[in-house]
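# Structural features, examined
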Amino acid sequence: MGTPKVRTIGVLTSGGDAPAMNAATRAVVRVGLERGLNVKGIRKGYNGLLNEDIIDLTSRHTADSISRGGTILFTARCDEFKTPEGQKRGAEVCREQGIDGLVVIGGDGSFQGAQKLAELGINTIGIPGTIDLDIACTEYTIGFDTAVNTAMEAIDKIRDTSTSHERCSIVEVMGRGAGYIALWCGMATGAEDILIPESFDGNMPKLEQQIIEHLLRNRALGKTHHMIINAEGVGHSYGMAKRIEAATGIETRATILGHMQRGGSPTAKDRVYASMMGAYAVDLLCAGKSNRIVGYQNGKFMDIDMDEGLSMEKHVDDYQLQIAHLLGK
């Protein structure tokens, strides 16, 4: 017997929003329609699925969306969907709505929900949409490029005023469990110190002492300002600033960039890669595939079994980290 033909697909965005989620959604809608499918938009993630907040999508719904940050489908957390009862209800709603294929755009938490739906007989494909770049089976996640560029531009501005006042500045960027935004921003802005959760052993006094020694060494050599990029997973930026200033006598200021890193018009790279991933996801569903993650490896778009992809661990490149610290000396 051949693979049953997919007739209606759904698309949802889940978890934290990321720039270019709209580009991926647009591609799912337009490629889906071109392949002769009905396309339904599920608003507010799994929360919207359980509450049947579902609309029929046409090309018109995605017009002028490719340049917009955020997600036109909205997103929300959903604790109920973490329960077996919630997951069964989600699968029932898909069946009631005639959805025989589902594209989930989000991070690893969103993919865990997609896995459960796949186990319950709903064909699911995951597209990695997270600014943290923390999904191990892919070299690229939607929104990372935009978030890094947004943060980099803010850090450049902070360095200008930091230089004028001969300050030490701590800029905290997003990344609770992953330091990729901090690492890339640190390298891109020439920061003197880069703090990431992957290399932090939890000993804050020791870390601060290393920064203080580095700062005083640089001052002795005539350097008049000092930039520290701190990942959210290390945190404590305001307290760190107070303690460094007390220990050195050098004016130290902390800035937390926060949710501005999630917003803004996506970069060309994010728009193009997200569009390709959205199209790829639809074609996987048309081929009868399920429980797959769309990824990007070695210069090509690819897909991998979701169970396998989520079991992989991602590690920061030691050489890149070593070079980042060397360049900041």
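These remarks concern the structure in this document. (Residues numbered from 1 in each chain as written. Predicted model: local features only at pLDDT ≥ 70, side-chain atom pairs only at ≥ 80, totals over all residues. Heavy atoms only, no water.)

## Concerning the overall build of the protein chain
Across its full length, the protein chain holds eleven helices and eleven strands. Its C-alpha atoms give the protein chain a radius of gyration of 22 Å, within 12% of the compact-globule value 20 Å for 329 residues. Dimensions along the principal axes, computed over C-alpha positions, put the protein chain at roughly 75 × 35 × 35 Å. Across the 329 residues that make up the protein chain, the buried fraction comes to 53%. Residue pairs at least 24 apart in sequence account for 74% of intrachain contacts in the protein chain once pairs closer than 6 positions are excluded. The distance from the centre of the 35 positive side-chain charges to the centre of the 41 negative ones in the protein chain is 4 Å. (Helix = DSSP H or I, 4+ residues; strand = E, 2+ residues; numbered from the N terminus. Rg over C-alpha atoms; globule rule 2.2 N^0.38 Å. Buried < 20%, exposed > 50% of the residue type's maximum accessible area, 1.4 Å probe, protein only. Contact = heavy atoms within 4.5 Å. Lys, Arg positive; Asp, Glu negative; His and termini not counted. Charge placed at Lys NZ, Arg CZ, Asp CG, Glu CD.)

## Here's the deal with the sheet that holds strand S8 (residues 226–231)
Strand order in the open sheet formed by four strands is S7-S8-S6-S9, and the pairing between neighbours is parallel. Looking along the sheet, the strands with just one partner apiece sit at the ends: strand S7 (193–195) and strand S9 (252–256). Sheet twist, expressed as the average angle between the axes of neighbouring strands with direction ignored, equals 15°. (Pairing = 2+ DSSP bridges. Axes fitted to C-alpha atoms, helices over the stretch in contact; angles between N-to-C directions.)

## Details of helix H6 (residues 180–189)
Taken across its ten residues, H6 has seven buried, putting it largely inside the fold. Every buried residue belonging to H6 is among Tyr180, Ile181, Ala182, Leu183, Cys185, Gly186 and Thr189, and all of these are buried. Turning to H6, the residues buried within the fold contact helix H5 (144–165), strand S6 (168–173), S7, S8 and helix H11 (318–327). Among the residues trailing H6, Gly190 stands out with phi positive, at a value near 70°.

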